[in-house]
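Now for the letters of each chain:
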Amino acid sequence: MRLFVHTGEVFKAHKVGRFHPEVPERLDYIMSSSPHAGFTVEEPKKGDIDLLLLVHDPWHVETVRTTVLKGLTRLDIDTDVSRESFDVALWAAGTAVDAALRSRPGEIRLALVRPPGHHASRTESRGFCIFNNIAIAVEALRERGMSKIAIFDFDAHHGDGTQSVFYDRRDVLYVSVHQDPATLYPGTGFPDEVGTGEGEGYTINMPLPPGSGDEGLLTMTGVAKRIIEMFSPDALGFSMGFDGHHRDPLTELNYSIMGFYRVGSIFSDLCSRIPCFGTLEGGYDPFGLGKGFWNFAFGLAGRDAPYTEGGTTGPEKIEAYLNWVKSSVGKYWPLWAR
Amino acid sequence: MRLSNHVPLILLLVGAGMGALEQTSKIAPFLVLPSLILLFASLRARPGLAISFLSALSLASLSSLMARESTLLSSIFIAAVGLVLYHFGETMHLDFRKPTKTEVAIVAIIIVLSGISIFAFVRRGSGYVEMYFVSPPSTLESGQSAVIRVAIANHFGEEKSLILRAYLDGTAILTKTLTLGPDEERIVQIALGRLDPGDHELEVLGEGSWGSLKLKLNLEVVG
């Protein structure tokens, strides 16, 4: 399968505090780790305010724009901004949409953008995120006539923003594998959060205990893939977070870069049949993010892993977490039916 | 008031504070809460304001590093240190007096021990060995002599050794011991010879005291 990476220098203009983890160099960590061949780099594309309004409330967009232009440095306790941040956020949304709209079966398009997006709700910017890039991309696909889209979010933090955008919708399936919200920001993403109204059963949360390792990640990802296949989406979007890596400073999931490779491999056959795209979320360790991204991308494209390290295993209680998911999700998705 | 009267209160404070901050911010749990709790406990121990701050900062740095390994471990550490300091403390009055020699010595020991522990934490997680195929072919012509290149890089700040083994279709074809200096990268060539038409699998294993790595390459030889 062909692999396209949509990125550019423009994303480095979004500046954060000196000791903030979501630094512009994150994209360098990835691009400086790139394998010599096997992918094509595409130029980023700037979005406009109409694109943001596909997901976000107008007053919120305007509040962020004026706050940033006033030179204020923070949108919430975690979300640092600079004067260029609003502009860069438009580029991030536009590039995510461009990757999504141009994706085809057998062609993987991944948007390496910042700021990330999955914590941003319709009315709030938080958790390093200004606007919700993946949600905007999904809405753009819906506008183009796709009737069902799935999102798989494997960032270590739950994508509370993305969940909230689609919580009452049945046309978008949101599946997230993340660290137990009792132990990590944002404190949402328990299995019993399953959606509401028409959307009941179309939000799937699969928490993992700290220290889960690749074993936990792959157990949950295997279940996630089966649910996504049952949903039979027209397209699949990935919220790509690499902060579950064992060297990452913010989380304790203990994944290895081989775990990310196998996540990609699990979805590879599906991506040969339907359009697949992705947007970058978290990942703050140079090795975990840089090598983890390429391993995921190459796994998705059905190729050998460009990088390796020893795999990691998890505690026995992963089984208990799987049962927890099963008890909440089983009635909507008969995966465990005999 | 003795220790027994305050244990539930302090544990509640640590647990609730850590839990609340963990769910409201990505960064704050690692920076704010440990510092506040330890400063609070240090002030209670009356070693002087400035010196309390120094020792609290030092312990908080250690605690935040521990949180990278386990939030639970970090919480227990904060609670334990907080309890000890609180137990030996006398009043909640801020104390601006000049510290005694004993107090200076105690804080110096805290800072040195924290420093050593932080150094040990950082060093333990500061390196890795990387191994990958360099521009590997996926198909080969029958009769073509193939050489596969594997890069091994040592990203530890010290010398590391490894035993490299290569297997072609399950048969050992190479065993080699390598010693790499800090940040040294080396390329090892694996000669496969002439292969019969069909599918072949090359597996490369690297093992050392730092862990192990495995690479797999599927090769299709066409007639």
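Everything below is about the structure printed above this text.
Throughout what follows, the structure given in this document is the object of discussion. (Residues numbered from 1 in each chain as written. Chains lettered and ligands numbered in written order. Predicted model: local features only at pLDDT ≥ 70, side-chain atom pairs only at ≥ 80, totals over all residues. Heavy atoms only, no water.)

**Brief notes about the overall build of chain B**
In terms of helices and strands, chain B carries five helices and eight strands. Reading chain B from its N terminus to its C terminus gives the helix and strand order α-α-α-α-α-β-β-β-β-β-β-β-β. Relative to its full complement of 223 residues, chain B shows a buried share of 42%. When contacts within chain B are restricted to residue pairs at least 6 apart in sequence, those whose partners lie at least 24 apart make up 65%. About 11800 Å² of surface is accessible on chain B, with carbon and sulfur atoms providing 62% of the total. (Helix = DSSP H or I, 4+ residues; strand = E, 2+ residues; numbered from the N terminus. Buried < 20%, exposed > 50% of the residue type's maximum accessible area, 1.4 Å probe, protein only. Contact = heavy atoms within 4.5 Å. Areas by Shrake-Rupley, 256 points an atom, 1.4 Å probe, with all protein chains shown as cover.)

**Some thoughts on the pattern of salt bridges**
Residue and element names in this part refer to chain A. Counting across every chain of the model gives 23 salt bridges over all chains. The residue R65 makes a salt bridge to E62 at a minimum N-O spacing of 2.9 Å. Placement of the pair is R65 and E62 together in helix α3 (residues 58–69), with a separation of three residues, close to one helical turn. Residue classification places R65 among the partly exposed residues on the basis of a relative accessible area of 28%. Of the charged contacts in the structure, one is a salt bridge between K225 and E229, with a shortest N-O distance of 3.4 Å. Placement of both K225 and E229 in helix α7 (residues 213–231) is noted, with a separation of four residues, approximately one turn of the helix. A relative accessible area of 13% means that K225 is categorised as buried. The class for E229 is partly exposed, based on a relative accessible area of 31%. Each of E42, D98, R102, E107 and R109 takes part in one network of salt bridges that share partners. (Salt bridge = Lys/Arg side-chain N within 4 Å of Asp/Glu carboxyl O.)

**What to know about helix α9 (residues 286–300) of chain A**
Residue and element names in this part refer to chain A. An ideal rise of 1.5 Å per residue puts 21 Å on 15 residues; α9 measures up with 21 Å between its terminal C-alpha atoms. With 14 of 15 residues buried, α9 lies mostly within the body of the structure. For α9, the N-terminal capping position is held by D285, with its side-chain oxygen 3.1 Å away from the main-chain nitrogen of F287. Downstream of α9 by a residue or two, G302 has a phi angle that is positive, lying close to 75°. (Expected span 1.5 Å × (residues − 1). Polar contact = N/O pair within 3.5 Å; in protein donor to acceptor, adjacent residues only side chain to side chain.)

**Digging into the sheet that holds strand β8 (residues 211–222) of chain B**
All names here are of chain B. Strand order across the open sheet formed by five strands is β2-β8-β7-β4-β5, with mixed pairing between neighbours. Every interior strand has two partners, whereas the edge strands, β2 (139–141) and β5 (171–180), have only one. Across the sheet, the mean angle separating the axes of adjacent strands is 25° when strand polarity is ignored. When strand β7 (residues 198–208) meets β8, the two strands line up antiparallel, connected through 11 bridges. Bridge pairing in β8 places G208 opposite G211. (Pairing = 2+ DSSP bridges. Axes fitted to C-alpha atoms, helices over the stretch in contact; angles between N-to-C directions.)

**Comments concerning the interface of chain B and chain A**
With 29 residues of chain B in contact, the opposing surface of chain A contributes 31 residues. Of the roughly 2300 Å² buried where chain B meets chain A, counting both sides, 51% is carbon and sulfur surface. Applying the counting rule to chain B against chain A returns zero salt bridges. Remark: the boundary between chain B and chain A carries one residue pair in polar contact (both at pLDDT 80 or more). The element best represented in the side of chain B that touches chain A is β8 of chain B, accounting for seven residues. (Buried area = accessible area lost by both parts, 1.4 Å probe.)

**Points about the sheet that holds strand β3 (residues 145–154) of chain B**
Residues and elements named next belong to chain B. Strand order in the open sheet formed by three strands is β1-β3-β6, and the pairing between neighbours is antiparallel. Since the sheet does not close on itself, it has two edges, and those belong to β1 (129–134) and β6 (185–194), each with one partner. Within this sheet the neighbouring strands show an average axis-to-axis angle of 20°, counted without direction. Relative to β3, β1 runs antiparallel, the two sharing six bridges.

**Some details on unusual backbone geometry**
All names here are of chain A. Each neighbour pair has its own omega, and for R114 with P115 the value is 5°, a cis peptide bond. Within the secondary structure layout, P115 lies in the loop between β3 (107–111) and α5 (133–143). In this chain, Y185 is followed by P186 through a cis amide linkage whose omega measures 0°. Following the sequence through the fold, P186 ends up in the loop between β5 (172–179) and β6 (203–208). Notably, F128 is not glycine yet its phi reads approximately 75°, a positive angle. For N254, which is not glycine, the phi torsion reads 70° and is therefore positive. In this structure, N254 sits in the loop between β7 (235–240) and α8 (257–271). Overall, N254 belongs to the partly exposed group, its relative accessible area being 28%.

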